[in-house]
Amino acid sequence: MFVYGTISIETYLLFMKDKVIVVTGASSGIGEATALLLAKHHVQLVLMARREDRLNFLAEKVRNLGAKAMVVAVDIADRAAVAKAFETVLNHFQRIDVLINNAGLMPISFLDKLKIDEWDRMIDVNLKGLLYCVAGVLPSMKEQQSGHIINVSSVAGRRVAPGFAVYNATKFAVTALSEAMRMELTPTSNIRVTVIEPGAVATELTLTITDVDILKAFSQPSGLKPIQPDAIARAIEYALLQPENVNISEVVVMPSSER
Ligand SMILES: NC(=O)c1ccc[n+]([C@@H]2O[C@H](COP(=O)([O-])OP(=O)(O)OC[C@H]3O[C@@H](n4cnc5c(N)ncnc54)[C@H](OP(=O)(O)O)[C@@H]3O)[C@@H](O)[C@H]2O)c1
């Protein structure tokens, strides 16, 4: 019989049953893979991103896997819209158990290209948008004295590289913020906080890059083989499956081909 640690597969799949889990950036890549993996646990998923058609398509798949799904189309950089989105979710479910703060973008460029609109957008989505989502769950999680917030940072939140400056800055901020959130919220309010730091993952993330020199560098053979997004989904699942008194603070998941 398959066991996960000392738990049978039947118990393992019931561990998260009916939990209300918000996944931002669910319309592709890591967010989509996470929603599909968590759906097998018969949870109640709230799928957030801007591309509603993709979310609706995913919601159907999630329902076919035995989970419930609610679609909320929102730009997480829009503070008022995010507040309204979380209000809608809370009115519907009365609680949020887990926030997977995953939405982000990476239009990286060399600083002297002065792609200031792209700098702004990364700060607005990767950092400020993530914080708006924290604000969306914090009061209710504090009141229920339970919850789990998973922030998706990056290995780019641990080490810098030329061309990644502003993306690095946003992800370093998310990593620092996550540790501060854990210290402030976990011991006193029983809100667990995990930061996930992926290396290269095969998703749409590089599609927003407009700097031709970065694109040229990316097109050179490097030996780096990005991993599939479900590898990150499994790390998220691992953090979520711990007993209530166990907080997984930080998980780095990289391709074995990455330095
Ligand atoms: N792929 C990697 O190698 C890698 C490595 C380390 C960390 N990460 C991090 O992983 C997270 C997920 O990225 P991914 O790799 O899965 O890339 P992806 O496939 O491009 O997914 C990004 C997601 O974020 C959403 N998003 C972007 N801007 C948004 C906005 N303003 N409002 C709401 N949602 C928005 C996108 O949905 P819509 O466009 O529909 O809004 C999409 O669902 C990001 O935070 C990224 O920084 C990725």
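What counts and how
- Residues numbered from 1 in each chain as written.
- Predicted model: local features only at pLDDT ≥ 70, side-chain atom pairs only at ≥ 80, totals over all residues.
- Helix = DSSP H or I, 4+ residues; strand = E, 2+ residues; numbered from the N terminus.
- Rg over C-alpha atoms; globule rule 2.2 N^0.38 Å.
- Buried ≥ 20, exposed ≤ 12 C-beta atoms within 10 Å, placed from the backbone.
- Contact = placed C-beta atoms within 7 Å.
- pLDDT = per-residue confidence, 0-100.
- Pairing = 2+ DSSP bridges.
- Axes fitted to C-alpha atoms, helices over the stretch in contact; angles between N-to-C directions.
- Near = placed C-beta within 6 Å.
- Parallel < 35°, antiparallel > 145°, perpendicular 65-115°, else oblique.
- Nonpolar A, V, L, I, M, F, W, Y, C, P; charged D, E, K, R; others polar.
- Core = buried A, V, L, I, M, F, W, Y, C linked by C-beta atoms within 7 Å.
- Right-handed = clockwise from strand over helix to strand, strands pointing away.

Caption draft 1: Main features of the overall build of the protein chain. Scanning the protein chain for helices and strands turns up 8 helices and 9 strands. Taken over the C-alpha trace, the protein chain has a radius of gyration of 18 Å; the compact-globule value for 259 residues is 18 Å, and the two agree within 12%. In terms of principal-axis extent, the alpha carbons of the protein chain reach across some 50 × 45 × 40 Å. For the protein chain, with 259 residues in total, the buried portion stands at 41%. Restricting to contacts in the protein chain with at least 6 residues of sequence separation, those with at least 24 account for 71%.

Caption draft 2: Main features of the environment of F172. The residue F172 is located in helix α6 (residues 165-189) in this model. Each C-alpha atom of the pair F172 and A235 lies 20 Å from the other, and the pair is 63 residues apart in sequence.

Caption draft 3: Expanded view of unusual backbone geometry. Here the phi dihedral of Q94 falls at roughly 70 degrees; this positive angle occurs in a residue that is not glycine. Take Q94: it is sitting in the loop between α4 (79-93) and β6 (98-101). The backbone of L114 sits at a positive phi, close to 50 degrees, despite the residue not being glycine. By the secondary structure assignment, L114 is in the loop between β6 and α5 (116-144).

Caption draft 4: The arrangement of the confidence of the model for the protein chain in detail. When pLDDT is averaged across the protein chain, the result is 96; 97% of the residues are at 70 or more. The lowest-confidence element of the protein chain is strand β1 (residues 3-4), averaging 50 in pLDDT; the highest-confidence one is strand β3 (residues 20-24), averaging 99.

Caption draft 5: Main features of the sheet that holds strand β5 (residues 68-73). Taken in spatial order, the 7 strands make up an open sheet running β5-β4-β3-β6-β7-β8-β9, and their pairing is parallel. In this open sheet, the two strands that pair with only one neighbour each are β5 and β9 (250-253). The sheet shows a mean angle of 15 degrees between the axes of neighbouring strands, direction not considered. Alignment of β3 against strand β4 (residues 44-49), held across 5 bridges, turns out to be parallel. Counterpart to V23 in the pairing with β4 is L47. This element, helix α3 (residues 52-64), spans β4 and β5 of the sheet and lies at about 175 degrees to β5.

Caption draft 6: How the structure looks around the site of the ligand. Near the ligand, the surroundings consist of 30 residues, among which G25, G29, R50, R51 and G104 are the closest. Those elements that place two or more of their residues in the shell around the ligand are α2 (29-39) and α5. At 3 residues, the largest contribution of residues to the shell around the ligand is made by α2.

Caption draft 7: Layout of the packing of α5 against α6. Between α5 and α6, whose axes approach to 9 Å, the crossing angle comes to 10 degrees. Judged on the interaxial angle alone, α6 and α5 are roughly parallel. Contact with α5, carried on its side by W119, M122, I123, N126, L127, L130, M141 and K142, involves V166, Y167, T170, K171, A173, V174 and S189 of α6 and no other residues of that element. In terms of residue class, the contact of α5 with α6 is built from 10 nonpolar, 3 polar and 2 charged.

Caption draft 8: The nonpolar core, seen in detail. One finds I21, V22, L45, L47 and M48 to be the most contacted residues of the largest nonpolar core, which totals 68 residues. Top contributing element to this core by residue count: α5, with 7 residues.

Caption draft 9: Quick peek at the pairing of β6. With burial as the criterion, each face of β6 is covered, one bearing V98 and I100 and the other bearing L99 and N101. Relative to β6, β3 is paired through 3 bridges, and the arrangement is parallel. Among the inter-strand pairings, V23 is bridged to a residue of β6, identified as I100. In this structure, β6 lies alongside strand β7 (residues 147-152), joined through 4 bridges in parallel fashion. Paired with I100 across the strands is I150, a residue of β7. Read from β6 through α5 to β7, the crossover connection turns out right-handed.

Caption draft 10: Quick look at the environment of T175. With respect to the helices, strands and loops of the structure, T175 is situated in helix α6. The spatial distance from the C-alpha of T175 to the C-alpha of M254 is 16 Å, given a sequence separation of 79 residues. Excluding residues within four positions of it along the chain, T175 makes contact with S153, G157, R158, V195 and E197.

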